[in-house]
Amino acid sequence: AQRRRRAVQARCSSALAAPILDDLRLRCATPLPLLRHVADAMAADMRAGLAADGAAELKMIPSYVYSLPTGDETGLFYALDLGGTNFRVLRVQLGGKDRRVVDSESEQVSIPKEIMHGTTEELFDFIAARLSRFVATEGGNFRLQEGRKREIGFTFSFPVKQTSIDSGILIKWTKGFAVSGTAGKDVVACLNAAMERQGLDMRVSALVNDTVGTLAGAHYWDEDVMVAVILGTGTNACYIERSDSIPKLQHLGLVTGNTIINTEWGAFSDGLPLTEFDRDMDAESINPGEQIFEKTISGMYLGEIVRRVLAKMAQESDLFGHSFADKLAEPFVLRTPHLCAMQQDGSNDLGEVELILRDVIGVNRSSLVARRVIVEVSDCIVKRGGRLAGAGIAGILQKMESDSSGLVLGRRTAVAMDGGLYENYPQYRSYMTEAMAELLGPRDLAHVVVEHTKDGSGIGAALLAAANSKYV
Ligand code: ADP
């Protein structure tokens, strides 16, 4: 690798791209002391966010989940997942400790554009109508207990101010939704009203964030799961906290036991090694100054950062010759899956990299040097992202550990991971675990298990409806 790097350096110096690459490596470096600072700052910010609202970058949002699924739950439960241009309905028949998930079925429905830009009633009527259709196909292994209404766990991945396990006020729509009249309203009440209009006799028992659903779903299978992290288009993490360690909730009276805290860690920024490329991307984003951790480590942005580096190289050197279209100037043309595909190319002539350069950036004839440089730039940005994600997880574990006097890292502790970035990008995954190993050290690392849970949030929401059922 070193020889390859030297060869790249030698040949690019003439191309003037080498100084940009060297500078990038320097500025994106994540040596152990820097990772330590990030992990410590994450832990400190978590404490500040638990103390008072608005006191820290991390919002540390209480989930109002005081009952996690135990495995004893039985019966039929539904989940509804709204978080993007699709929504998902799901049902699950639970059979208790021994039989667990007897059966589950789900369906995905895409939301028409006019509904995303319509009124609150139109959106929730659309959802309730589709849900009603799904309920009508119930049969086989699915049986509602007599005397009960069907209960729903509602995963709602937009900013809400939650006030109880089954209510939450929409702060604002994001991700392309522009539905009028919902902000300031309780989304559970909106759904209930729409179900009533449809003649659908169901009730929402739990309103949950998708990360919280993932944690509940993973915890159902493995009680040692204490943390859930999503690394996909965006990123977030939540964990199990002792209720008496949450000063900002003490006014609610005596709360004992544990609850789930949604960290909203994407907003973190303390001590991150950022470059001019990150700053420019942030400034031109729809939310400048916000979600800096997310913009450094999550799937939506890694490709775009690399594009910005390449654009500068192309401008200041003849890295790509003169034979390329100006596709490189177009924001977000280069996506994280492209970086991933390029990094899997083990061939001598980097044929896959050549194809991506041609098809995505419009470089018709790329030199081997140029192909190597783009792989190096990708690796640099992905390494920084993966290692910082690892430092964030170590920070959460540290916080949990120091407030529980050895109860977390002294025993087996599992971290549930979900999301397309973690799932599909092997280099990202290994950089992340490498950073966790450096920070935790061999003794603590021996107790930490990182588990991949795929699409656990849907079943997790249904399980939370069961654990918070009105009938128990
Ligand atoms: P979302 O986060 O949008 O709900 P996912 O968890 O499936 O959905 O994550 C999708 C994201 O994962 C994509 O935006 C992309 O950044 C990343 N991703 C998907 N496939 C790959 C891949 N092959 N290599 C690297 N990253 C990928």
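Worth saying up front: this structure is predicted, and the values here are computed from it rather than measured. (Residues numbered from 1 in each chain as written. Predicted model: local features only at pLDDT ≥ 70, side-chain atom pairs only at ≥ 80, totals over all residues. Heavy atoms only, no water.)

Participant: Where do I start with the sheet that holds strand β11 (residues 258-262) in this structure?
Facilitator: Each strand in a sheet pairs with its neighbour through backbone hydrogen bonds, running either in the same direction (parallel) or in the opposite one (antiparallel). Strand order in the open sheet formed by 6 strands is β1-β11-β10-β9-β12-β13, and the pairing between neighbours is mixed. Of all strands in the sheet, those bounded by a partner on one side alone are β1 (61-62) and β13 (448-452). In terms of strand pairing, strand β12 (residues 413-418) meets β13 through 5 bridges, oriented parallel. Paired with Ala414 across the bridge in β13 is Val449. (Pairing = 2+ DSSP bridges. Helix = DSSP H or I, 4+ residues; strand = E, 2+ residues; numbered from the N terminus.)

Participant: Explain the side chain of Arg371 to me, please; I cannot follow it from the model alone.
Facilitator: Looking at the secondary structure, you find Arg371 in helix α14 (residues 368-402). The contacts of Arg371, once residues within four sequence positions are left out, are Asp349, Leu350, Val353, Glu354, Leu357 and Ser366. (Contact = heavy atoms within 4.5 Å.)

Participant: Just to check I follow, could you spell out unusual backbone geometry for this structure?
Facilitator: What you tend to see is this: most non-glycine residues have negative phi, and most peptide bonds are trans. Of note, Gln291 is a non-glycine position whose phi angle comes to about 55 degrees, a positive value. Relative to the helices and strands, Gln291 resides in the loop between α9 (276-283) and α10 (292-297). The backbone phi angle of Phe332 is positive, close to 65 degrees, even though this residue is not glycine. Mapped onto the elements, Phe332 comes out in the loop between α11 (299-316) and α12 (336-343).

Participant: Any chance you could explain the domain arrangement of the protein here in plain terms?
Facilitator: How large an interface is tends to be reported as the accessible area lost when its parts come together. Each domain of the protein was delimited in the assignment, giving domain 1 (1-63 + 222-453) and domain 2 (67-208). Just the C-alpha atoms count here: the centres of domain 1 and domain 2 sit 32 Å apart. Each partner contributes residues to the interface: domain 1 has 6 residues there, and domain 2 has 5 residues. A buried area of about 370 Å², summed over both sides, lies between domain 1 and domain 2, and 49% of it is on carbon and sulfur atoms. Seen at the junction of domain 1 and domain 2, the total is 0 salt bridges. At the junction of domain 1 and domain 2, the tally comes to 0 residue pairs in polar contact (both at pLDDT 80 or more). (Domains from an automatic or database assignment. Buried area = accessible area lost by both parts, 1.4 Å probe. Salt bridge = Lys/Arg side-chain N within 4 Å of Asp/Glu carboxyl O. Polar contact = N/O pair within 3.5 Å; in protein donor to acceptor, adjacent residues only side chain to side chain.)

Participant: Honestly, the sheet that holds strand β8 (residues 202-208) in this entry has me stumped. Any pointers?
Facilitator: Spatially, the 5 strands line up as an open sheet ordered β4-β3-β2-β5-β8, and their pairing is mixed. This sheet does not close on itself; its edge strands, each paired only once, are β4 (101-110) and β8. If you compare each strand with its neighbour and ignore which way they point, the axes differ by 20 degrees on average. With 9 bridges connecting them, strand β2 (residues 74-82) and strand β3 (residues 86-95) associate as antiparallel partners. Residue pairing for β3: Leu76 is matched across the bridge by Gln93. Where helix α7 (residues 187-197) meets the sheet, it contacts β2, β5 (150-156) and β8, and its direction lies at approximately 160 degrees from that of β8. (Axes fitted to C-alpha atoms, helices over the stretch in contact; angles between N-to-C directions.)

Participant: Where do I start with the nonpolar core in this structure?
Facilitator: The nonpolar side chains of a soluble globular protein tend to be buried, and buried together. In this structure, Leu231, Trp265, Leu310 and Met313 are the most contacted members of the largest nonpolar core, which totals 114 residues. Broken down by element, the residue count for this core peaks at 17 residues, all from α14. Split by domain, the residues of this core number at least three in each of domain 1 (1-63 + 222-453) and domain 2 (67-208). Leu80, Ile111, Ile152 and Trp173 belong to the second largest nonpolar core, which has 38 residues in total. (Core = buried A, V, L, I, M, F, W, Y, C linked by side-chain atoms within 4.5 Å. Buried < 20%, exposed > 50% of the residue type's maximum accessible area, 1.4 Å probe, protein only.)

Participant: What is the right way to read the pairing of β12 from this model?
Facilitator: In the case of a regular strand, side chains alternate between the two sheet surfaces. Of all 6 residues making up β12, 6 are buried, and the element is well covered by its neighbours. Alternating positions in β12 separate into two faces, Thr413, Val415 and Met417 on one and Ala414, Ala416 and Asp418 on the other, with burial throughout. Sheet topology note: the strand β9 (residues 225-231)/β12 ladder contains 5 bridges and is parallel. Within β12, the position partnered with Val225 by the bridge is Ala414.

Participant: What should I look at first to understand the pattern of salt bridges in this one?
Facilitator: Pairing between side chains of opposite charge can happen when their charged atoms approach one another. Throughout the structure, instances matching the rule amount to 30 salt bridges. Here Arg308 ties to Glu284 by a salt bridge, and the two come within 2.8 Å at their closest N and O atoms. Of this pair, Arg308 sits in helix α11 while Glu284 sits in the loop between α9 and α10, and the two are 24 residues apart along the sequence. For Glu284, a relative accessible area of 58% translates into the label exposed. Between Lys454 and Glu423 there is a salt bridge, with its nearest N and O atoms 3.3 Å apart. Of this pair, Lys454 sits in the loop between β13 and α17 (456-467) while Glu423 is found in helix α15 (residues 420-424), placing the two residues 31 residues apart along the sequence. Among the residues examined, Lys454 registers a relative accessible area of 52% and is labelled exposed. Accessibility expressed as a relative area gives 26% for Glu423, which makes it partly exposed. Ionic contacts of the salt-bridge type, sharing partners, join the residues Asp222, Asp224, Arg411, Arg412 and Glu451 into one network.

Participant: Explain the site of the ligand here, please?
Facilitator: Around the ligand, the surrounding shell consists of Gly232, Thr233, Gly299, Met300, Thr336, Pro337, Cys340, Gly419, Gly420, Leu421, Asn424 and Tyr425. Here Gly420 contributes a backbone N or O atom positioned 2.8 Å from an oxygen atom of the ligand. For the ligand, a nitrogen atom lies 3.2 Å from a polar atom in the side chain of Asn424. Summarising the interface, the protein chains cover 59% of the accessible area of the ligand, which totals 570 Å² for the free molecule. If you list the elements that add at least two residues to the shell around the ligand, you get α11, α12 and α15. (Near = heavy atom within 4 Å. Areas by Shrake-Rupley, 256 points an atom, 1.4 Å probe, with all protein chains shown as cover.)

Participant: Explain the state of the cysteines here, please?
Facilitator: Taken as a whole, this structure holds 0 disulfides when the rule is applied. With no disulfide of its own, Cys28 lies 4.4 Å from the sulfur of Cys380, the closest cysteine sulfur. Left unpaired, Cys340 is separated from the closest cysteine sulfur, that of Cys380, by 17 Å. With a relative accessible area of 11%, Cys340 lands in the buried category. (Disulfide = S-S within 2.5 Å.)

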